[in-house]
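So the chains spell out like this:
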Amino acid sequence: MDKQNRSASRVSNAPIFFTLILLFVVVIFVSFFVGRYRITPLDVFFLLREKIFGISSGIKPSIATVFFNIRLPRVLSAFMIGGALSLSGCVYQSAFKNPLVSPDILGASAGAGFGAAISLMLSFSNIGVQITAFLFGIVAVGLSYSVGASVNKNKSSTITLVLTGLVVSAIFQAAISLIKYLADPYSKLPAIVFWLMGSLAAITYKEVLLILAPLIIGSLPLFLLRWKINLLSLSDEEAMSMGVDVSKLRVGIIFCATLITSSVVAVSGMIGWVGLIVPHISRMIVGSNNKALVPASMIIGGIYLLIIDNVARSIMAMEIPIGILTAIIGAPFFLILIQRDEEKI
């Protein structure tokens with residue numbers, strides 16, 4: 001019976017994933033042409049042909065520069081970051097058995113934001129900013145764990161961990177405010193404020209490569225163990241009776257999700273609501289089984305952030321920070337979700 005159910009589930013989800021992948025290809029394709037600098041589909045075809053086969057395209061060097069050095073890394077990073085934030089939100093919500101949990105639940109986003117803010121104030125290089133942001137994200141999670149363990153006498157309690165994470169996040173948010181207060185208002189403060197709002201405007205291949213390794217290291221275990229994540233919806237006693245070490249599984253999942261979140265925040269700034277909203281959308285499409293929910297969240301999150309980024313860089317003459325748009329769209333959408341599923345939340 002279980003084999004029949006698994007087989008039926010795979011069959012029923014196959015058209016959904018085919019549609020999602022097709023939508024992903026379409027959105028990627030359209031994203032190359034969105035922006036104030038006009039690039040046509042023929043331009044893209046000839047540029048790719050020249051890059052792959054060495055056949056001269058005759059395209060202006062300025063168009064090639066915009067496509068390869070600006071559009072392509074930005075499109076790649078938008079999909080990677082959106083998928084990473086959505087994956088983190090999905091597994092956090094499963095680990096904490098709470099649909100209101102988001103990737104910054106343990107203070108990772110706030111810690112990484114503080115690291116970037118202080119690095120910008122001290123005029124670190126771009127790589128220095130990203131590394132420092134990542135390190136402080138890990139420090140924030142470490143504080144959440146250590147304080148939570150001491151408060152709860154080393155016993156497992158997700159509620160204590162969530163509350164501790166909120167406290168740590170508040171402390172780092174206050175520290176960010178202090179950095180903004182101390183920063184030079186003419187040279188440093190604008191850069192810090194703009195970074196904290198979240199943006200992909202300055203993304204290059206260097207940033208894409210910088211987050212690629214942490215994303216693979218953090219995402220691969222979550223993808224391979226997605227069937228085990230379902231067991232966290234059971235009580236700890238039930239899961240342990242099935243031979244699963246719940247504490248180790250939960251710690252491993254949280255570590256991987258935090259690694260992903262910190263890496264993303266270190267590059268793109270604090271982009272909120274993606275990891276909270278997209279997993280809910282994914283559940284509405286493929287259900288709550290993490291075997292389908294995890295990959296669906298990654299694909300839908302990537303598509304979602306690509307669309308948001310296209311709007312951010314085309315709706316006005318000046319580019320809108322992407323974090324503003326995700327908040328404007330995410331907050332009212334989440335209110336709708338609460339009204340629809342009030343009994344579940």
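That block above? That's the structure.
Since we're looking at a predicted model, the values are computed, not measured. (Residues numbered from 1 in each chain as written. Predicted model: local features only at pLDDT ≥ 70, side-chain atom pairs only at ≥ 80, totals over all residues. Heavy atoms only, no water.)

Peer 1: Quick question: what am I supposed to make of the overall build of the protein here?
Peer 2: A tally of helices and strands in the protein yields 14 helices and 0 strands. Taken from N to C terminus, the helices and strands of the protein fall in the order α-α-α-α-α-α-α-α-α-α-α-α-α-α. The C-alpha radius of gyration computed for the protein amounts to 21 Å, which stays within 12% of the reference 20 Å derived for 345 residues, consistent with globular compactness. Reported as C-alpha extents along the three principal axes, the dimensions of the protein are approximately 65 × 60 × 40 Å. Here the protein holds 345 residues, and the buried ones make up 48% of them. If you take every contact in the protein between residues at least 6 apart in sequence, the share linking residues at least 24 apart comes to 75%. Between the mean site of the 25 positive side-chain charges and the mean site of the 15 negative ones, the protein shows a separation of 6 Å. (Helix = DSSP H or I, 4+ residues; strand = E, 2+ residues; numbered from the N terminus. Rg over C-alpha atoms; globule rule 2.2 N^0.38 Å. Buried < 20%, exposed > 50% of the residue type's maximum accessible area, 1.4 Å probe, protein only. Contact = heavy atoms within 4.5 Å. Lys, Arg positive; Asp, Glu negative; His and termini not counted. Charge placed at Lys NZ, Arg CZ, Asp CG, Glu CD.)

Peer 1: Hey, could you run me through the nonpolar core in this one?
Peer 2: Among the nonpolar cores identified, the biggest contains 74 residues, and Phe32, Ile81, Tyr92, Phe96, Leu106 and Ile253 are the most heavily contacted of them. Top element by residues in this core is helix α3 (residues 61-95). It accounts for 17 residues. Once you skip the residues sitting within four places of it in the chain, Phe32 turns out to touch Ile39, Val44, Phe67, Arg71, Leu72 and Val75. (Core = buried A, V, L, I, M, F, W, Y, C linked by side-chain atoms within 4.5 Å.)

Peer 1: Quick question: what am I supposed to make of unusual backbone geometry here?
Peer 2: Look at Ser123: it is not a glycine, yet its phi comes out positive at around 60 degrees. With respect to the secondary-structure elements, Ser123 resides in the loop between α4 (108-121) and α5 (126-151). For Trp273, which is not a glycine, the phi torsion comes out positive at approximately 75 degrees. Checked against the element boundaries, Trp273 lands in the loop between α11 (246-268) and α12 (274-286). Residue class for Trp273 comes out partly exposed when judged on its relative accessible area of 32%.

Peer 1: Sorry, what's going on with helix α13 (residues 290-312) here?
Peer 2: Note that an α-helix has 3.6 residues per turn; residues three or four places apart therefore point the same way. When the terminal C-alpha atoms of α13 are compared, their 31 Å separation across 23 residues agrees well with the 33 Å that a helix rising 1.5 Å per residue should span. Most of α13 is tucked away, with 19 of its 23 residues classed as buried. At the N-terminal end of α13, a side-chain oxygen is found 3.0 Å from the backbone nitrogen of Lys291, two or three residues along, and the residue is Asn289. (Expected span 1.5 Å × (residues − 1). Polar contact = N/O pair within 3.5 Å; in protein donor to acceptor, adjacent residues only side chain to side chain.)

Peer 1: Any chance you could explain α5 here in plain terms?
Peer 2: If you check α5, its first and last C-alpha atoms are 38 Å apart, about what 26 residues at 1.5 Å a residue would give, namely 38 Å. Within α5, the full set of buried residues consists of Gly128, Val129, Gln130, Thr132, Ala133, Gly137, Ala140, Val141, Ser144 and Gly148.

Peer 1: Looking at this structure, I do not really get the pattern of salt bridges. What am I missing?
Peer 2: Any two side chains of opposite charge can pair, so long as their charged atoms come close to each other. Summed over all chains, the structure comprises 3 salt bridges. Residues Arg74 and Asp309 are paired through a salt bridge, measuring 2.7 Å at the closest nitrogen-oxygen approach. On the criterion of sequence distance, the pair formed by Arg74 in helix α3 and Asp309 in helix α13 is long-range, its members being 235 residues apart. No difference in accessibility class separates Arg74 from Asp309, as the two residues are buried. Of the charged contacts, one joins Asp309 and Arg313 as a salt bridge, the two residues approaching to 3.4 Å between their closest N and O atoms. (Salt bridge = Lys/Arg side-chain N within 4 Å of Asp/Glu carboxyl O.)

Peer 1: What should I look at first to understand the packing of helix α2 (residues 41-53) against α3 in this one?
Peer 2: The interhelical angle for the contact between α2 and α3, taken along N-to-C directions, is 80 degrees, at an axis separation of 11 Å. Taken together, the axis directions place α2 and α3 in an arrangement best described as roughly perpendicular. Counting all contacts with α2, which are made through Asp43, Val44, Leu47, Leu48 and Lys51, the residues of α3 involved are Ile63, Ala64, Phe67 and Phe68. In terms of residue class, the contact of α2 with α3 is built from 7 nonpolar, no polar and 2 charged. (Axes fitted to C-alpha atoms, helices over the stretch in contact; angles between N-to-C directions. Parallel < 35°, antiparallel > 145°, perpendicular 65-115°, else oblique. Nonpolar A, V, L, I, M, F, W, Y, C, P; charged D, E, K, R; others polar.)

Peer 1: What is the right way to read the side chain of Ser219 from this model?
Peer 2: Relative to the elements of secondary structure, Ser219 occurs in helix α8 (residues 205-224). A residue is classified by how much of its surface remains accessible, and Ser219, at 13% relative accessible area, is buried. Ignoring any residue separated from it by four or fewer positions in sequence, one finds Ser219 in contact with Leu87 and Ile260.

Peer 1: Where do I start with the environment of Lys248 in this structure?
Peer 2: Looking at where Lys248 falls in the secondary structure, it is placed in helix α11. Given the relative accessible area of 65%, Lys248 is considered exposed. Through-space distance from the C-alpha of Lys248 to that of Pro332 is 36 Å; in sequence the pair is 84 residues apart.

Peer 1: Got a minute to help me understand the packing of aromatic side chains in this structure?
Peer 2: Two measures describe an aromatic ring pair: the distance that separates the ring centres and the angle between the ring planes. Per the stated rule, a full pass over the model turns up 8 aromatic pairs. With 4.4 Å between their ring centres and 40 degrees between their planes, Phe24 and Phe79 make a pair best called tilted. Note that Phe24 is positioned in helix α1 (residues 2-31) and Phe79 in helix α3, a separation of 55 residues in sequence. Judged by relative accessible area, which is 24%, Phe24 ranks as partly exposed. Aromatic pair Phe114 and Phe172: ring centres 5.7 Å apart, planes at 55 degrees, arrangement tilted. Here the residue Phe114 occupies a position in helix α4, and Phe172 occupies one in helix α6 (residues 158-182), the gap between them amounting to 58 residues. For the pair Phe114 and Phe172, a shared accessibility class is recorded, and that class is buried. Among the aromatic side chains, those forming a connected cluster through ring pairs are Phe32, Phe67 and Phe68. Lys51 extends its terminal NZ or CZ atom over the ring of Phe68, reaching a point 4.9 Å from the ring centre. Over the face of the ring belonging to Phe223 we find Arg226, whose NZ or CZ atom lies 4.2 Å from the ring centre. (Phe/Tyr/Trp six-rings, centres within 6.5 Å; stacked < 30°, edge-to-face > 60°. Lys NZ or Arg CZ within 6 Å of the ring centre and 35° of its normal.)

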